[in-house]
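Coordinate inspection notes
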Amino acid sequence: MTKPSIAVQVTPAQAIINEANRVIATLNYSTPADREMVESVLESLKAVADVIAPAVGKTLGIRLIAIRNKIHVNSIQAA
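Cut-offs and rules
Every chain is numbered independently, its residues counted from 1 as its sequence is written. Note on the predicted model: pLDDT of at least 70 is required for a residue's local features to be given, and 80 or more for side-chain atom pairs to be given and counted; whole-chain, interface and lining totals, by contrast, use all residues. Where side-chain values are given, they derive from all heavy atoms of the structure, hydrogens and water being excluded. Secondary structure elements are defined from DSSP: runs of H or I of at least 4 residues count as helices, runs of E of at least 2 residues count as strands, and each element is numbered from the N terminus. For the radius of gyration, the atoms used are the C-alpha atoms, and the globule rule reads 2.2 Å times the number of residues raised to 0.38. Working definition: with a 1.4 Å probe on protein chains only, accessible area under 20% of the residue-type maximum means buried, over 50% means exposed, and in between means partly exposed. The contact criterion used throughout is that any non-hydrogen atoms of two residues lie within 4.5 Å. Here, Shrake-Rupley sampling with a 1.4 Å probe gives the accessible areas, and only protein chains in the shown set may cover a residue. The positive count covers Lys and Arg only, the negative count covers Asp and Glu only, and His and the chain ends enter neither. Here the site of a charge means NZ on Lys, CZ on Arg, CG on Asp, or CD on Glu. The criterion is simple. A nonpolar core is a set of buried Ala, Val, Leu, Ile, Met, Phe, Trp, Tyr and Cys residues joined through side-chain atoms within 4.5 Å. Any carboxyl oxygen of Asp or Glu within 4 Å of a side-chain nitrogen of Lys or Arg constitutes a salt bridge here. Polar contact is the term for a pair of N or O atoms within 3.5 Å; when the atoms are in protein, one must be able to donate a hydrogen and the other to accept it, and sequence-neighboring residues count only if both atoms are side-chain atoms.

**Observations regarding the overall build of the protein chain**
Tallying secondary structure elements over the protein chain gives three helices and zero strands in all. Each helix (α) and strand (β) of the protein chain, taken in turn from the N terminus, gives the series α-α-α. For a compact globule of 79 residues, the expected C-alpha radius of gyration is about 12 Å, and the protein chain comes in at 14 Å, more than 25% above that figure. Overall size of the protein chain, expressed as C-alpha extent along the three principal axes, is 50 × 35 × 20 Å. Of all 79 residues assigned to the protein chain, the portion counted as buried reaches 30%. Once local pairs closer than 6 in sequence are excluded, the contacts in the protein chain between residues at least 24 apart make up 50%. Here the protein chain has roughly 5,700 Å² of accessible surface; of this, 58% comes from carbon and sulfur atoms. Distance between charge centres in the protein chain, computed from 8 positive and 6 negative side chains, equals 9 Å.

Below, the structure written as structure tokens:
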């Protein structure tokens, strides 16, 4: 028999953070993702975050500004 799995519940804010971090990480691949595509995805995540997790939305906005100004962007930390 297999062990029953324990479902880990993730808050909407944490789900947005996780997705944003995955997108940001693509900028550092040996063959980086297209910067405009990354910006587009982060803009979409920011639009959702602004409604359901405003603090995360603000952080995403700061990350977008940094990406547009070609400043190194770190992952987003959960509050």
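There's more to say after this.
**Some points on the nonpolar core**
Counting residues in hydrophobic clusters, the biggest one holds 18 residues, and the most contacted among them are Leu42, Val56 and Leu60. For this core, the elements supplying multiple residues, two or more each, are helix H1 (12-25), helix H2 (35-52) and helix H3 (54-68).

**Some points on the side chain of Arg63**
Following the sequence through the fold, Arg63 ends up in helix H3. One buried charge, Arg63, has no salt-bridge partner; the nearest side chain with opposite charge is Asp50, at 13 Å. Polar side-chain contacts of Arg63 include one of 3.2 Å to the backbone oxygen of Ser75. For Arg63, the contacting residues outside a window of four places in its chain are Ile24, Val73, Asn74, Ser75 and Ile76.

**Observations concerning the pattern of salt bridges**
Counting across every chain of the model gives four salt bridges. Here Arg68 ties to Glu39 by a salt bridge, and the two come within 3.1 Å at their closest N and O atoms. Placement of Arg68 in helix H3 and of Glu39 in helix H2 is noted, with a sequence separation of 29 residues between them. Looking at Arg68, the relative accessible area reads 39%, which means it is partly exposed. Here Glu39 falls in the buried class, since its relative accessible area comes to 15%.

All we've got here are geometric facts, nothing functional implied.
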